[in-house]
Every structure is written in C-alpha cells, then in structure tokens.
Amino acid sequence: MGSSRVSMYYTLYFFGILFLCFNSEVYASQGSITITGNDLSIQIPNLLGSIVIQSTSSATPYFTYNAPNINNAYTKQGNTYVFDNYDHTTVTTNNPQTTTSSSSTGQTTGTTGLSPTSTSTSTGLSGSTTSEHLSAGNTVSPNFKILVLVFGVLVFFLGNTNGISTRFSFVLMCTIFIVLFLSSVPVQVAADPSPLVTVTLYVPTTYAFSTFQLYAPFSSIQSTVDAKIITNLLSIYPCGLSSSNVNFQGSVFVYDSALVCVSGNAVFNSLRAASTQVNINITSLTGDVQTSFLSGYFGNFAVNSSTTPTISGNCQVFSGAQNSHFGNCGPTQYSNAVFNSLSGSVNVDFGSGCASDWLGDPAAKDVFPASGQILNYVQPFVINVSTADPTSWSYYTPFGQRNGYSSACPGATGCTSADVGAAQVYQPSWSNQPPFSWYTLPNRVLPSIMQGYSYTIQFDVRMDTRNLVNNRAGYSPSNFSVVFFENYDSVWHAAESQWYYWIADDAYTDPTYSLGYCYVDPTLINSTTYHTLSCTITPSRSSDNVVVGLRAYDPDYNTGDQWYYFKNLLVHIPSTPVRTPSLLTKDSENVQLRYPSPNFDPNPRGVADCPHMQQGLKFWHDPSIWPGNVVPSPSKNVTLPANTNVLISSCSLQSGTYQRIYIPSTSSLIFDDAPITLNVRDIYVEGKLQIGSPTCRLFSEITITFHGINTTSDTIAPTFGSKGIGVAATGQLDIHGKQYHKTWARIADSAKGGDDRVYLMDDVNWEVGQQIVVTATILIDETYNQNEIVTITAIQSLSPGRTVVVFTPPLQYYHYGEQEYQAEVGLLTRRITLRGSFDDSEANNASFGGHVMVKGQARYSGVIFTRMGQLNRLARYPVHWHLVRDGGANSFVRDSTFYHNFYRCVSVHGTNNVTVTRNVGFDIMGHCYYLEDGTEENNELSYNLGAFIHTIGRPIVGYAQVGEFLFETSDLRNPADSGAAAFYITNAYNRIIGNAATGGWTGFSFPNLYRPIQLDAWQAPFNPSGRPTLEFDGNTARGSGNFFGNSGCFYVGGHLYHTDPNNIYGENDDDNTGTTPLGYQNGRVERTTCWQNMTNFADPNCPAANLTFTNIKASLCSMGVGDWSSLQVSMYESHDNFRSAMMFGQSWLDNALVVGRTQNPLSGTPPLVQHQFFQLYDTYTMTILTNIVVRNFLPIPGLKETDQNPDDDNTMIVCLHQSDVFKPEGMSASRNITFQNIDPSILIGVGVEDSGSSRMFNLYDTDGTIAPYGGLQTHGKPAIIGSYPTWWHFNDSCVFNATWNTWLCPKSVPQQQIITVGLYMDGLIDYGQNNRDGYDAHIGNISLFGNGIPRNEVRSIVLTRNAGITGMSHTNWFMTLNDPYGPPASIDMNTIQVPNNTWFIFATQYPVGTTFNIWSDDWSNIWLPGYYVFGQVDSFDKVLNGNGTVYFVDPDGILYVKVIDFSIKFADSFQNFYRGGAQINGYNNGFEYHIRATCPHMYTLDVQPGDSSPNNVVFCSGGDPTIRPRY
C-alpha cells in the first residue's frame, strides 16, 4: 500500500477521534438554533434536548456528542439524523413541547416535556443546572465507548489487510485508551469540512448552561424568534477566516460574558445581561452590529464604528474621537459592553421596560472588583499649585513689608480672556529700591519632598500691558528663579502675621529656608503674552512642609506699579519608593476609646427576611394591577392599588421623573435586589416602602433621585414639604444596602503628602472603586481644607486589625497618625443612594435637596445620602424622625453616609430611643447629628464620624466670655447653626459613645435650653439643660473650637431660646407655642444639672448631678474642653490644643494626659504658636485636678526677652487675672500631677496686674507634687501656692518663685485652709459687684501680724472698694485705710469660705475711747443658729483662744475679733466638693459679722465726689494708721 493510503487512514482515524470527542450544550424553546457550515466545532457540556443534523452529502456525517441522557440511537430520514432524549410518545422529536408558568414571586417553573424520571431547574444565580440525569457528570455513554473500540478494531483490521505496520497498530491501541480516558471530559471537535452540515439544536425552556461555544468561521448561525439561550459564557469565535454571520432572533441570557466576533453581520434582537456584572464584546469585521437589550442594561459601554452609531435607551452618552462613543446606563459598577464595527454601522438599543415574558430579576450576587496590585512604589503625579486661592499669593520684598497682594482672574482689572484661572500679582512702585527683587508664594503646601529626587516645576507667566508704560527703559529681570522654601513659620506665616517681617533677598540660597532652587529664562516674564517656563530642583533634604517660591531680581528698579499673571503652576512629583510604615499598636496612651463589635450584623437573606422574595408580589409593570390596565407613566401621580404588594424590578420603571408615588396603608412598594434607578419628586408612605430589610441587605446598586425646584408647598402631604419621602404615623420605611464594616477607621501610621496608601487600625471590607475621605489633622479645616477624597485601587489585610488601602490620586497633605491622635478615614460610597438631583438641588447655589421626614418607623442601613436637606427649611433634613415620641425604639440609621448635604445629617426631633450608629457625615451645612428641641432622650449616637462641618453664615464669635447674640432670620432659621457642630446635644440624657468629630465650630455642642423650643415648647417648664448625662464615653474631637476662644472641641455653653418681644436678649418665658423668633448667645451661659425628669422638673430639692464625660480625647482645638456647667471629665487626653480645658462650676478633671506639642508638622497651615495646660477661673468655681500627666511644654523661644506676660507663653497653669471685681476664693486644688519634658519656669504663671484676681490667685497643692518644681520641698505634704503679694508669705518656710510670680508655702498647721471673707463698709465697699470708676482704687491694705512675723515687716495685700479678701486661716489680719479715710463706723464681714474648725483674727485701729456693738447672725435672722452678741474681754489671748463671741481692744485702740463661721459649725458641710482625694471647701454667703463703732469724734465724707448724688460714709476721727498690732 502506498503512502497516500496510509495518510488516508491516519486522517480517517484522527477525524474519527475528534468526532467521538465532540461535546455540546444548547438551549432552545419553542424554536431552534441552527448552525450551517463546514468546519464546525461546538462545545456545549450537559446537553439536554435533541440534535438534528443535516448533510449535503449522502455519506454519514461525522457527529458525536457527550450527553448521557441523549438516546444513543438516532432516527434517519434521508440526510437528516435526529438524536434526542424525549419521550416520543408525547413529544415530537424536532419540536419538544415546553410550557412555563410565572408565579407572583417572579420565580420560574417549567415543564420540560422530558420523561418522568428527568427534571431540570435553573437557580437564576449563575446559570447552574441540577438534573438527576446530569448529576453524574458529562461522560460518554458505555455504548459510545464500545463504538470507540469497534471503530479502532475496524481501522486496525483495515490497516493490517492493507499492509499497515505493527507500529501503527501500537499507536492505534494507545490512542484508543487515551480516547476512553478523555471521554469523560468535554472537548471540541471539528466536523468533516467536506460536506456542508446544518446542526439544529432543541432544548427545554428553563435549561441553563455553563458554556455555549461555537467555533464557526465558515458558518451562518441563526435562531428563531421563539428560541432562547441561557448560558454563563457565550463564545462565537474566531473571526476573519471567511464570511460568517450571526442572527439571533430569539432571547439570549448571559450571566458572565458574551464574546462574539464575525466577519459579517452580528444581530442580537433580545440580549439580556442576566446578572449584575456581565462583560459583552460584539465585533464585526465587515458587516453591521445590531443589538437590542431585553429589559434594559446597566453598566458602562463603548461603541466604535465606521459611521455614526445609533444609541438609544436611558443612558448617558459621551462622544469620543471620530465615531467612537462611550457612556453608562445606570450604575457604572455593573456590566461592561463593547460594540465594534470596523467597516459597517452599529445600532444599539440599551432598552427600557420589562419584556412581556419577564419572570423577575435573577438573584443578586455580591460582586465586587478584585483588588489591584499593591506596588512598592508610588506612581509619578502632578500637583497643580494654581488651584490654591488666587487671591492668597503672598508678595514680599527684601526691604520691609508684605508689600503687594494678589487678585483672581477673571475679576481683577487688567485680566483678559487668556487669564482665566490666573493669579494677578501686584507689585507697588513704592516698594522698589535698587537692586530690586521680589518673591511671590502661592498659599499651597506641596506633598512631602524627598531628598535626591528630581522635581520639575513649570508655569505660565505674562506681564500686564500697563507695565510697558510704567517700566523704565531697560528694566528687565536679570534673574528669575524657582525655590523650594521650608519652614512655614519663618518664611511664610511670619510674613503674613508680622507686618515688619520680610524675605531676605538671598533666602532662596539660604539652606535654613531653601531646599533647592533652579533658574528659568528671565527675559520671558516681561512678555505680554504667556510663556511656559520650567526647571528642575533636586532637594538637598526631605521635608513635609514645602512651598514653591518664585523670585525675580533686577539691579535697577521700575518707576510705576507692576502686574504679573501666573497660572498652571505645576509641580511634577517623581515616582518614589513606598515608606516602610511603623504601625501603631494602640490608638491612645491613657483613654479607652469605644469601637463597635467587629462582627457583622446578621444577614441571613432568607425568604422570610427578604421582602422581594415573599409570595404574592405583583410587578409594577404588570398592567393588570393598575386602573384601566395601564401602567402609570412618570408624568402622573401614582397611587398603589390597595391591599397590594408591588415589586419594582430592574426594568419596571419608565424613563422620566415620577411626580408623586402614594403607598396606601394596606399596600407595600418593594424594590427587587437589582440595579434600579428611580427619579421622583415625592413619595408618601402610609403603608410600607421596603428596599431590603435589616436581615436582608441588598447587594445591588439602587438610586433614588429627588427632583423639584425650591418651594415651600407641601406636595408630599400636609406638613411634609416637597421633594423627598414622607412617612406617616402608620408608615414604615426600610432601606438596607450591603454592610461595609467598619464604616470608618483611624490610620495606624502618619500619611504624608505624596503617599498613595494609608494603613488602618481596623479590618474593613471596602472595595476597589469606592471613594474614601482622609480627614484633616490641622487647626481649622474650614480655612485650610486638607480633607482629601480619593478612590480605592487596592486593599489588603496585613494582619488582624490592620489593613492597607491604596488609592488614587496620591495624598497632597500630611495626615497625622501617631498614638496621640490619628486622622480618620471614612468610607463615602454605598450601594444604595438617596440624592437630590444636581440641576435643581445644587446648581446656582440652590441648596434645596431631597429630604426624608418620618412620623412612623424608619430603618436605614448602608445608604448614602447626598445633596440632601433643604437649607434653612425646618424639618427638611436628610433623615428626620419627627415627634415620634417613645415610638423610636424600632428605628435606626446605621452604616450610612451623609455626604455633601445642605442641611444636617440626622435629626432626632421629639423622639426617644432611636439608634444612630456607625455612620459617616462629611461636608455638611449646619449641625450634623442633631437633637432638635431638647426633649429627646434615651437615644443612642454611637460610633459615628462627623467631619468638615460648616456654619450657616459666618461663624459666631464675640467678645470675652459673653460672646455675641445672633437671631433667627430666613437665612439662619436656627441661629445656633452659626456655631455648627458635628454632634449637637440639646439634652444630655442620651447615650453618646465612640464617636469622632473633626472640624466645625465645635465638635460636640451642649447648648443650654432652659425650656424646650419650637414644637416642644409646650413641655415647659421642663428644663433640658438640667438633665445629666446618661452616658458620654469614648468620644474624640479635633480641629474645632477655634473661632471663639472660650468654646472648645467639647463645648458646654451658649444659650438657645425664644426671644422676649420686649427684649430680644432675654428669654420669652410665656411662649408655650414656640412661635417667637429664636435667639442664640454663644458664650458664658451656665447650667445646673440634677436628677430631674419630665415628672419632677419643678422639684426644688432635685438631687445635684454633674455632667460626666469619660474616655474622651481632644486635639488641635482652642480649648480641648470648654465648660460653663459643672463638668466631670475622667480619662482624658489633650494634644496640640491651645489649652486643654477651661472648666466652670464644680468641675473635676481626673486621669488625664496633656501633651502640649506633638510631632504633627501642621503642614501648610499656621503653626500651633501656643499651648497651655489649664486656666483657673477667678471666682466662685470649684476646680479639682487629679492624676494628670503634663508633657512637652517648653517656652516660646525668645518671647521673654520682649514679653513677660505668662499668658502669652506656653505656660502650663494660668489664671484669669484682669478683674478687681471678681476675686478667687480657695477654689482650685490639685493632686498627683506629673510633669514630663517640661521647663519648670513656665509651669505656673500669674499675670501681675493691679487687680484682685491677680493678687489673690491661689492653688491648693494637696499632695505637694507641684510645689517642688517651684523650689519648695514638700516631702509629699500639702502646699499652698499663692500669688506674688507678701500677703501669701504667711510663714517662714515659704519660698518665692519669681518666674511663676507666686509664693509656695507649707501649711503652718494641718488644719490651715484657704479662706475668703467679704469685707464691707457701707458706701465705701458695698455688697454686690461694682464696676464703677474708681472702685479698683487702693483705699488701704490688709497685712499679717503675729505668728513670728516681725512687727515692722508688713506682709500685705491691697484693699480696694471691691469686696472680697482671700487669705489663709489660722492667721491674723490687720486692716488699715489710707487717707482721707479714717476708721469706719460700720464694718460687715461675710464668711464666704471659712470652713469648720478654721478661723482668723480680724483687727483694725480706732481712736482710743471708741465703743463697739458687735454681733453675728445668719441671713440677718436672730432665730437661726449663729446669732451671738459679742462681749468684751481684757486680753488678746482670750480672743485668740476664745470661742469667737468676744472682742478685745488694746491700749492703742486696736480692735481684735476672732472670726468663725458658726453656721458651718452647726450645719452639714454638704457644700464641700471632694473628688479624687482633694477637697474644696464650700461657700456660705449667709453668715455675717457686724461691727458698729461709736467714736469720740466722727465725720461724714463723700467717697464718690462728682456723682449726681453724694455717697456719704461715716468715719472716726483721730485714728493713727502708723500703729501696728503688738501681739
């Protein structure tokens, strides 16, 4: 036999093997799919149905299949062969009868026409199929294995009879075994290319396949209109070998991908993306592409054709190059589709509306992009420095001031159309002196600069044509350089804050300030047209605080004003290696912050959990449920049919904006778990609106966009307003998207400008493509906004509790993340969105977004609310519970985002027991988390983040403690919004735990409401400000309290009230309707809290109760804690604050860490110039400081050379010292204070002023832990720290510290206490507070005597006409008045603070022969204990050792009286304040001593000459002020 015959048998053999391995899977219902060609390869595992093969040749075509449930036998009629698995007694072979039914749930069931032993169902999830015939796998049946053997034997016999070698026989047998082995897996085969073969496939209705793959380059593929394919993968490939066409008239359901490439036409009349993420690519080389989507398409698309394409559907379309178009239909996170026609046209209809055979959306899957690669370097990027405020470009010369300024184009005189976006820098002529140079610095810090890397800077510049007139001949810069300046304090900020500062001419070369510089062509800046200049700097060192400076130099100078224009100032940041992080192990040193549980909420998503899976649902698009059998159009008001649960599917809604949807009390509107976009003006819910449930969180992207122009009309329903959702008292609202947990986290390492990643101190399940915000770590983010929004590109868990998140673009600013405090990172993106439309919500500063107002029940999970809220419209907030009272127990909002909203985040109004937890609020107008009227109690605000909070209108400021008053207007409906806070707490009796606030006027605001306001005003006289804290624990605040110096990051103060029509600065106590305008004072307004409630608010014996904050942290604040109540703070950290705390009333600060300065560089913002520990008040407070570590306090360099005021330095403990009216009692005590890395010279600083508050400063160091730093060795015993007058030198063991301006003394006896007495002389020193002119004049002094003090040594304190003397008990006080005042005829002494078992001797000199009438009483009542008429004794010792009811007059006429507070002796000392081992004695203003003198000679003196009426006081003549006590 010749070689040709051998080749023939080899060919016959291998084609046979390929034929036997052929495997297919296809689906057709009431129709067929036909493939006609001559080089066919079909791969369809798991075929169920029948196959019809037609050949143009009478020879039997090579065809096999891999489907064990297909009958092995076939029928043949002519050149047609039929294989099937149907019962021929009931079903015809080539047209199996299949019936379907659609239940109300949207699920599909089918009768396939198979024999009773065969069943098939589709899950609707991934196209997977269950079948008892297919469960064993796709193996060739035993009969076909026999055929393989028979075929092999046949070929073997033929070969032997024709002389084939044994070598071939061996190969044959090996191949047979290989075929038998491979027969259990699907493979591809090619039909004999010689005859033209037509293959027609029939399968049941509900059958779904994993793969439908055709290799048909020479074929025509078509399906009938009633055919249907359901498959994960559709592949028709390759293309280009010959003419091929695809024409699918029937339905094609694709779950994963469709890859089609033909040389001819590609037609898909009914294509459906059957899951949330499908990739589609349909390409024709020479023909047209025509595709229509069944029931809509969601995702991105791209269209490329040789002619203008036709694109229809509810999609956004953008034009690219030539005939390329792209866009998206609904959410972009879903499918991607590409349609290409290289030489034909493309016609794509993306569809809208459900098909008539719609059976419901497929079950949703939680699909999200895989994480990208995490690189070990940062990609290069470009910073546009010109995006800084064009008006903030600073201008300096070397010879004086900040001379010039900048303006923005357009707007400034001289700007042209070419200058849009430019900064116009003005150079005044008077600033120029030869040789002349100038600098300009944009107000923008660069990302972190690294040593040794090259940075290219480029910019566009031109000069103004006016310069041509003003220039001197020959004026031209000979040098123009670009410089990297470091050290914001010296180069930039100082120049702005100090008028005398300038930048030296050679600063650009001075390595103190400059990291490097480069030159550009100086001649080009004097062109009136723009030139682009560039140069490269390689920094000499790394820095996190660099700005770009531009310098021009000319040896001559100009004669007139000059203007230059700069724009497009770009800095090209090179690729740099990723820094190795140093991850934190703890978020705090001293406090225990609170965190939510690491566990996810239960989400079983069972049928019982999911509203969209329940029985009896009716499709929205089903005409039969609507009046007249017509589905309502968007232009109509829609009322759901009664007693009906209506399901909205992905294709149910028509394009356009629905006007009003009303849900009756007996009906429900339910959203399927599918991509759905609803455009609507109003929704009113008396029944149920359900988008998932708390235990069935939806995976799909669902968006509700609210439309409507600004109006005050109630288009939703009466009182519900317009443009949003209104939920009636009978209504229920449920919106629940996928849970992202945690919703925000703190960074575990500082992130620098230029970094493309942050490290989180938590595990999170965030996704690639989501947006996050990295919050600022600066003083005032409203002025220097360094909050940065970026998009995640990769994410990876590093270890339990630590995650790295990579994003784009890289950060531009420094974000501090060390143990003291950390920037927060909040997740902004959610899968369910409620938003206002841009056009009528935000455009033209409308600030009129959507809103949700609930009078019934509402539960939200995993929702983003953006462009929501209606500015200055009461009750129009993104989320609002309105007067639900105690019905809020089943309501909550959790895991949600409030982003870029026009009026608040969440309002809880007249409602109790609501939970607001794990939310993110960012970029919000007005208060974010808001308790509205003051009656809201037992609510929980937990684990929420509030950041970048904006005041409405200008921030409220004001003078001193009072602040200022603002009043309600149409532009400020709640005037307290001028002091906007992330958390606004009108009633402290709520649970507020684990929250974080950054930015805003304050972080946590506790305004005083002495009566409920507005709709709850009728509940007066209930006093919301009187309620104690239920729980306030584990909260942090940062970067606020900087607009008004006496506020703080945590602020208890201010007053919101209804104004009195006769005095707007006073409260209207008669307004029980809440209709008079509101007023707000932001400053000192006090509160007294007690255990009152709604039933005992009028109880005069209400037990006292402090507000209590625990485990809190404040940083970068004016005051960490600003308090005008009686606050107790335990477990506290203060970092980088101007002052850690200012506390009023009975206050206790315990277990605190106070760090004056951390390593935060505060890049690009004014420096933290000053920091202090605590300011002690000047009168009638009680402050106890215990168990506190004070760290990192050093003096401001060089300050003391020019400024001796300790208030201006980093003094740790300061005091109010300006007033002579207000004088401190013994009201400040400390215990166990530890100092680390401090300069002792600034531990305490008393400002020396001519005032009583300065002279009487005192601090009781109860355990002697402070005094040793001032030079007094206490050995752990108490010490008294008193002010600078020698009055405080009350024993010989005292030492004076000149830098503190204080005396430090041990106690003389253990019982010794600080005491205060009110000393009055009728008409000269009066009761009350007197601010009249001259009352601070010195009228005498009080000095110490006895106790070893030499008689001629005067240790005294000034006496003024303002009452009040503070000193030490167990000492002797001698009063002397200055000329022209003689001894007073009348003296009264009020024992303000003379504790039990303490006393002092009061003495003053009278003329010899004066007689006295002396008595004591309590509140001028002789019937109360303590009423005594004093008798005279004959010695000083009898007074000193007596019981305080006698007096003595010595031979010099000096009167001696022992002063004791008898009311304290007989009464309980409940007024004492005792905390943490330290005690402050209580105040008692009622007990008095009265001295009346009758002198030999008396006279009357007008002590206030010049007043309209005389102020006459009686004095004694003949006293001798030079005489001093002899005892």
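What follows is about the overall build of the chain. Per the secondary structure count, the chain includes 9 helices and 105 strands. Put simply, the chain has 1527 residues, and 61% of those count as buried. Pairs at least 24 residues apart make up 72% of the contacts formed inside the chain by residues separated by at least 6 positions. Taken as a whole, the chain presents about 54,700 Å² of accessible surface, with 52% of it coming from carbon and sulfur.

This part takes up the sheet that holds strand 92 (residues 1365–1368). Ordered by their spatial adjacency, 6 strands build an open sheet running 92-89-94-103-96-97, and the pairing between neighbours is antiparallel. The sheet terminates laterally at strand 92 and strand 97 (1428–1429), the two strands that pair on one side only. Two strands pair when backbone bridges link them, and strand 96 (residues 1411–1418) and strand 103 (residues 1487–1494) are joined in this way by 8 bridges, in the antiparallel orientation. By the bridge assignment for strand 103, Asp1417 is matched with Glu1488.

Right, let's get into the environment of Pro975. With respect to the helices and strands, Pro975 occurs in the loop between strand 66 (965–967) and strand 67 (981–984). Classification of Pro975 as buried rests on a relative accessible area of 0%. Between the C-alpha atoms of Pro975 and Phe965, which are 10 residues apart in sequence, the distance is 8.8 Å.

This brings us to the pairing of strand 40 (residues 658–663). Of all the 6 residues making up strand 40, 5 are buried; the element is thus mostly covered by neighbouring parts of the structure. In this sheet, strand 40 lies alongside strand 38 (residues 637–639) in parallel orientation, the contact comprising 3 bridges. Across the sheet, residue Val638 finds its bridge partner in strand 40, namely Ile661. With 5 bridges connecting them, strand 40 and strand 42 (residues 676–685) associate as parallel partners. Across the sheet, residue Tyr662 finds its bridge partner in strand 42, namely Tyr684.

Throughout the structure, instances matching the rule amount to 9 disulfides. A sulfur-sulfur separation of 1.9 Å characterises the disulfide bridge that pairs Cys610 with Cys696. The sign of the 95 degrees torsion about the S-S bond sets the Cys610-Cys696 disulfide as right-handed. Taken together, the positions of Cys610 in the loop between strand 36 (576–577) and strand 37 (618–619) and Cys696 in the loop between strand 43 (688–691) and strand 44 (702–706) put the pair 86 residues apart, joining distant regions of the chain.

This paragraph deals with the environment of Cys518. You can see Cys518 is positioned in strand 32 (residues 514–520). A relative accessible area of 6% means that Cys518 is categorised as buried. Sequence separation of Cys518 and Ser534 is 16 residues, and the distance between their C-alpha atoms is 9.0 Å. When sequence neighbours within four positions are dropped, the list of residues in contact with Cys518 reads Phe480, Ser481, Val482, Cys535, Thr536 and Ile537.

To continue, consider the side chain of His1217. By the element assignment, His1217 lies in the loop between strand 83 (1213–1215) and strand 84 (1228–1238). His1217 has contacts with Asn1205, Asp1207, Gly1247, Glu1249, Ser1251, Ser1253 and Ser1254, leaving out every residue within four places of it along the chain.

A complete count under the given rule lists 64 aromatic pairs for this structure. With a centroid separation of 5.4 Å and 85 degrees between ring planes, the pair formed by Phe1004 and Phe1032 is classed as edge-to-face. Within this pair, whereas Phe1004 is found in strand 70 (residues 1002–1008), its partner Phe1032 is found in strand 71 (residues 1031–1033), the two being separated by 28 residues in sequence. Here Phe1004 matches Phe1032 in class, with each residue buried. A network of ring pairs unites the aromatic residues Tyr929, Phe983, Phe1004, Phe1006, Phe1032, Phe1050 and Phe1109 as a single cluster. Taking NZ or CZ as reference, Lys567 lies 4.4 Å from the ring centre of Tyr530, over its face. Here the basic side chain of Lys1458 rests over the ring of Trp1399, its NZ or CZ set 5.0 Å away from the ring centre.

Before going further, it helps to examine the nonpolar core. With 110 residues, the main nonpolar core has Trp620, Ile661, Leu834, Tyr860, Trp881 and Phe1173 as its most contacted residues. The residues touching Tyr860, leaving out its near neighbours within four places in the chain, are Leu733, Ile735, His736, Val852, Val854, Phe865, Val879, Trp881, Phe892, Val893, Arg894 and Ser896. Core analysis: the second largest hydrophobic core is formed by 99 residues, Tyr930, Tyr984, Tyr1177 and Val1513 among them.

Within strand 70, 7 of the 7 residues are buried, which leaves it mostly tucked inside the rest of the structure. Examined bridge by bridge, strand 67 and strand 70 share 3 bridges and lie parallel to one another. Opposite Ala981, over in strand 70, you have Thr1002 as the bridge partner. Inspection of the sheet shows strand 70 paired to strand 73 (residues 1050–1060) by 4 bridges, in the parallel sense. What sits directly across from Ser1005, in strand 73, is Tyr1051.

As enumerated under the stated definition, the model contains 43 salt bridges in all. Arg973 serves as the salt-bridge partner of Glu968, at 3.0 Å between the closest nitrogen and oxygen. In this structure, Asp1452 engages Arg1526 in a salt bridge whose closest nitrogen and oxygen atoms are separated by 2.5 Å. Of this pair, Asp1452 sits in the loop between strand 99 (1446–1449) and strand 100 (1454–1459) while Arg1526 sits in the segment after strand 105 (1512–1516), and the two are 74 residues apart along the sequence. With a relative accessible area of 41%, Arg1526 lands in the partly exposed category.

Pairing is antiparallel across the open sheet formed by 6 strands, whose spatial order is 47-52-49-50-51-48. The open sheet has two edge strands with one neighbour each: strand 47 (744–746) and strand 48 (757–760). Put simply, the sheet's adjacent strands are angled 35 degrees from each other on average, direction ignored. Both strand 49 (residues 771–774) and strand 52 (residues 824–827) contribute to a ladder of 3 bridges, which runs antiparallel. When the sheet's bridge partners are listed, Val773 is paired in strand 52 with Gly826.

The subject of this paragraph is the confidence of the model for the chain. Looking at the chain, the pLDDT average stands at 84 and 81% of residues meet or exceed 70. Every residue in residues 85–151 scores below 50 in pLDDT, and together they form 138 contacts with partners more than four places removed in sequence or on other chains. Segment residues 488–501: pLDDT under 50, and 42 contacts once partners within four positions in sequence are set aside and those in other chains are kept.

Let's shift gears to the environment of Ala423. Relative to the assigned elements, Ala423 resides in strand 28 (residues 423–427). Judged by relative accessible area, Ala423 falls into the buried class, the value being 2%. Here the alpha-carbon distance between Ala423 and Ala408, two residues 15 residues apart in the chain, equals 5.1 Å. With residues near it in sequence (within four places) discarded, Ala423 still touches Pro390, Trp393, Ser407, Tyr564, Tyr565 and Phe566.

Turning our attention to unusual backbone geometry. Between Cys409 and Pro410 the backbone carries a cis peptide bond, its omega angle lying at 0 degrees. Take Pro410: it is sitting in the loop between strand 27 (405–408) and strand 28. In this structure, the amide linkage connecting Thr808 to the following residue, Pro809, adopts the cis form with an omega of -10 degrees. Along the chain, the position of Pro809 falls in the loop between strand 51 (802–808) and strand 52. Positioned with a positive phi, Asn568 is a non-glycine residue whose angle comes to about 50 degrees. Looking at the secondary structure, you find Asn568 in strand 35 (residues 562–573). Positive phi is not limited to glycine here, since Gln1014 has a value of about 50 degrees. Residue placement: Gln1014 occurs in the loop between strand 70 and strand 71. Since its relative accessible area comes to 11%, Gln1014 is described here as buried.

Cut-offs applied
- Residues numbered from 1 in each chain as written.
- Predicted model: local features only at pLDDT ≥ 70, side-chain atom pairs only at ≥ 80, totals over all residues.
- Heavy atoms only, no water.
- Helix = DSSP H or I, 4+ residues; strand = E, 2+ residues; numbered from the N terminus.
- Buried < 20%, exposed > 50% of the residue type's maximum accessible area, 1.4 Å probe, protein only.
- Contact = heavy atoms within 4.5 Å.
- Areas by Shrake-Rupley, 256 points an atom, 1.4 Å probe, with all protein chains shown as cover.
- Pairing = 2+ DSSP bridges.
- Disulfide = S-S within 2.5 Å.
- Phe/Tyr/Trp six-rings, centres within 6.5 Å; stacked < 30°, edge-to-face > 60°.
- Lys NZ or Arg CZ within 6 Å of the ring centre and 35° of its normal.
- Core = buried A, V, L, I, M, F, W, Y, C linked by side-chain atoms within 4.5 Å.
- Salt bridge = Lys/Arg side-chain N within 4 Å of Asp/Glu carboxyl O.
- Axes fitted to C-alpha atoms, helices over the stretch in contact; angles between N-to-C directions.
- pLDDT = per-residue confidence, 0-100.

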